[in-house]
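Inside the fold
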Amino acid sequence: MGLLWSSSVTIPSSVLIIGSGVFGLSTAYSLCKNPLFDNTSITLVDRQPFPSPDGSSIDTSRIVRPDYASPPYTRLASAAQSLWRTTFAPQHYHENGLCITASGSEEKYVSSSLANVQALGTGKIEVLKNSDDVKRVTGTENASGSAGYINWSSGWVDAEGAMRWLHSKISQLNRVNFLTGTVTKLLINHTTHAVSGAHLQDGRTLTASLTILSAGAWTPSLLDLRGIANATGQVLVYLPITPSEESRLATLPTLLNLSTGLFLIPPSQGLLKIARHGHGYANPTTIPHPESANPSDTITVSLPPHSASHSQSVPQEGESACRAFLSHVYPSLSYTSSSSSRPFTKTRVCWYTDTQTGDFLISYHPKYTGLFVATGGSGHAFKFLPVIGDKIVECVLGNTPEDFRGKWEWPVKRVSEELWEGDGSRGGPIGMVLGEEMAKIESKL
Ligand SMILES: Cc1cc2nc3c(=O)[nH]c(=O)nc-3n(C[C@H](O)[C@H](O)[C@H](O)COP(=O)(O)OP(=O)(O)OC[C@H]3O[C@@H](n4cnc5c(N)ncnc54)[C@H](O)[C@@H]3O)c2cc1C
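All figures in this text were calculated on a predicted structure; none of them were measured in a lab.

1. A word on the packing of aromatic side chains
As enumerated under the stated definition, the model contains 14 aromatic pairs in all. Relative to Phe382, the ring of Trp84 has its centre 6.3 Å away and its plane inclined at 15 degrees; by these criteria the two rings are stacked. Residue Trp84 is located in helix 2 (residues 71–86), and its partner Phe382 is located in the loop between strand 25 (371–375) and helix 9 (385–396); the two are separated by 298 residues in the primary sequence. Between the aromatic rings of Phe360 and Trp408, the centroid separation amounts to 6.0 Å while the plane-to-plane angle is 25 degrees, which identifies the pairing as stacked. Here the residue Phe360 occupies a position in the loop between strand 23 (346–355) and strand 24 (361–364), and Trp408 occupies one in the loop between helix 9 and strand 26 (432–433), the gap between them amounting to 48 residues. Residue Phe360 shares its accessibility class with Trp408, and that shared class is buried. An aromatic cluster of at least three residues, connected via ring pairs, comprises Phe23, Tyr68, Tyr73, Phe360, Phe384, Phe404 and Trp408.

Right under this line is the structure:
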């Protein structure tokens with residue numbers, strides 16, 4: 001089985017990680033580097049060859065900010081930033097600044113976040129009192145939001161580039177057995193309540209003394225997480241821009257309006273991305289109960305659509321919201337000279353794994369031995385790529401970091417999703433269902 005590490009934790013002789021996103025890949029790297037796991041075999045299985053094109057961790061860009069209303073995340077993000085700036089894929093990190101604006105209830109998040117980053121003492125923060133201030137610092141043609149602040153010490157990262165960088169680092173270590181295969185079910189012994197690996201769709205069975213489930217927004221298809229974590233779809237659109245437009249925008253800060261959730265990150269690879277950090281779309285799906293031996297037991301949970309291609313078109317309401325945002329902040333980019341809209345060439349619904357409070361879920365399962373869960377990115381985990389694997393391994397060893405006790409651990413109770421408080425950072429419409437919104441497009445065709 002393995003070496004006894006503490007009264008409750010044994011160093012596993014084999015680890016199976018399910019999912020090669022931020023949580024799974026960073027865990028694999030940290031296990032490789034930790035001498036306690038020198039004799040542990042490590043397998044990482046993903047349903048897609050790396051990089052998984054519809055994984056949440058694979059995209060042109062992700063914001064890297066210590067700007068959190070919750071001090072533990074400010075501290076952890078700041079530690080991650082030190083590595084982004086120096087040794088962790090620094091070629092993919094850009095410190096352009098982040099302007100956060102809000103009006104209404106999201107102002108509370110902004111003022112707490114401002115206090116937290118001021119306490120860090122970076123000194124590169126400016127409070128914005130009106131829309132002229134917002135326009136001046138963001139360099140946009142019109143302001144989005146009339147109050148907030150800019151943190152010039154925040155930045156963004158080429159997410160796919162950084163993930164590829166990490167994957168190649170791990171591959172060079174020759175320790176991880178990377179497999180492609182879709183996990184259909186955990187290998188659960190219903191008498192002993194022990195998990196000993198997973199079944200794959202192609203008939204293979206992978207066994208391990210510790211299974212780490214980090215399948216992102218698909219995790220609720222493999223474990224009953226009702227009332228604990230679910231998938232919400234977020235809209236993204238990409239506008240192709242010319243090299244001269246790209247060089248004009250490349251050094252400007254990210255603009256995030258927390259009240260609408262809409263944001264705009266500096267362009268890369270000829271694409272300007274507009275997205276919404278919102279309450280998202282639910283996609284209620286009825287599936288066989290992942291923990292039941294009886295195939296006729298079912299549960300209904302929000303999950304990404306079955307086929308990845310279904311995540312490539314977005315509801316009209318989402319595209320219109322992004323268009324309205326772009327047309328307001330950069331009318332010159334949104335329209336052609338004949339005043340028709342410049343087309344978005346790529347759209348996507350990207351899936352958050354939301355939790356009750358917006359905290360990650362990094363914990364042993366309370367019922368099943370041999371099962372550890374690392375998920376619940378809640379739309380903000382990417383920036384932690386340089387540090388989250390080490391933190392996950394600390395939790396595996398039974399040492400949840402002091403700052404995150406009571407946050408990352410298994411929630412004490414399941415809470416009905418409409419009562420989840422989140423972290424207070426989400427704007428825009430509430431209660432949308434993907435199928436209903438997509439049907440509105442189809443009925444117009
Ligand atoms: C639109 C959007 C914008 C975001 N913006 C930011 C941001 O600006 N800053 C920030 O810090 N964070 C941001 N995030 C959040 C961040 O990207 C996520 O929290 C993080 O990438 C989640 O990583 P993950 O490992 O949980 O999931 P994923 O990256 O989705 O990885 C899960 C993996 O599991 C695999 N998998 C799923 N099911 C199975 C199965 N049955 N068998 C085998 N493999 C399986 C998938 O193929 C996938 O590769 C954003 C997220 C989205 C969607």
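2. Comments concerning the packing of helix 1 (residues 22–33) against helix 9
In contact at an axis separation of 7 Å, helix 1 and helix 9 are set at 65 degrees when each is read in the N-to-C sense. In this view, helix 1 runs roughly perpendicular relative to helix 9, as classed from their interaxial angle. The element helix 1 and its partner helix 9 pack so that their crossing is right-handed. On helix 9, the residues touching Val22, Phe23, Ser26, Thr27, Ser30, Leu31 and Lys33 of helix 1 are Leu385, Ile388, Gly389, Asp390, Ile392 and Val393.

3. Digging into the sheet that holds strand 13 (residues 194–200)
The antiparallel open sheet is built from 3 strands, whose spatial order is 12-13-14. Each edge of the open sheet is held by one strand with a lone partner, namely strand 12 (183–189) and strand 14 (205–207). Strand-to-strand twist across the sheet, computed as the mean angle between neighbouring axes with direction ignored, equals 30 degrees. Of the pairings in the sheet, the one linking strand 13 to strand 14 comprises 3 bridges and is antiparallel in character. Counterpart to Ala198 in the pairing with strand 14 is Leu206.

4. Quick word on the environment of Thr27
Along the chain, the position of Thr27 falls in helix 1. By relative accessible area, which is 1% here, Thr27 ends up buried. With 185 residues separating them in the primary sequence, Thr27 and Ile212 have C-alpha atoms 9.0 Å apart. The contacts of Thr27, once residues within four sequence positions are left out, are Ile17, Ile212, Gly389, Ile392 and Val393. A distance of 2.5 Å separates a polar side-chain atom of Thr27 from the backbone oxygen of Phe23.

5. Structural notes on the site of the ligand
Surrounding the ligand, one finds 32 residues, the nearest of these being Asp46, Arg47, Ser57, Ile63 and Cys350. Separating an oxygen atom of the ligand from a side-chain N or O atom of Ser57 is a distance of 2.4 Å. A distance of 2.7 Å is found between an oxygen atom of the ligand and a side-chain nitrogen or oxygen belonging to Lys383. Calculation on the ligand without its partners gives an accessible area of 1000 Å², and the protein chains cover 96% of this total. Contributing elements (two or more residues each) for the shell around the ligand: helix 1, strand 5 (62–64) and strand 23.

6. Section: empty space enclosed by the protein
Counted under the stated rule, the structure contains 4 cavities of 30 Å³ or more. Considering the residues around the largest cavity, the lining is formed by Thr138, Thr140, Leu249, Leu252, Pro253, Leu255, Leu264, Ile265, Pro266, Pro267, Leu272 and Tyr330. For the lining of the largest cavity, the element with the highest residue contribution is strand 18 (residues 262–268), accounting for 4 residues. Its residues assigned to classes, the lining of the largest cavity shows 10 nonpolar, 2 polar and no charged. Lining of the second largest cavity is provided by Gly233, Gln234, Val235, Arg276, Gly278, His279, Gly280, Tyr281, Pro429 and Met432.

What counts as what
- Residues numbered from 1 in each chain as written.
- Predicted model: local features only at pLDDT ≥ 70, side-chain atom pairs only at ≥ 80, totals over all residues.
- Heavy atoms only, no water.
- Phe/Tyr/Trp six-rings, centres within 6.5 Å; stacked < 30°, edge-to-face > 60°.
- Helix = DSSP H or I, 4+ residues; strand = E, 2+ residues; numbered from the N terminus.
- Buried < 20%, exposed > 50% of the residue type's maximum accessible area, 1.4 Å probe, protein only.
- Axes fitted to C-alpha atoms, helices over the stretch in contact; angles between N-to-C directions.
- Parallel < 35°, antiparallel > 145°, perpendicular 65-115°, else oblique.
- Left-handed = near helix turned anticlockwise from the far one by under 90°.
- Contact = heavy atoms within 4.5 Å.
- Pairing = 2+ DSSP bridges.
- Polar contact = N/O pair within 3.5 Å; in protein donor to acceptor, adjacent residues only side chain to side chain.
- Near = heavy atom within 4 Å.
- Areas by Shrake-Rupley, 256 points an atom, 1.4 Å probe, with all protein chains shown as cover.
- 1 Å grid on protein atoms, 1.4 Å probe; cavity = no way out; pocket = protein on both sides within 12 Å on 5 of 7 lines; lining within 4 Å.
- Points joined across faces, edges and corners; volume = space filled by probe spheres on them.
- Nonpolar A, V, L, I, M, F, W, Y, C, P; charged D, E, K, R; others polar.

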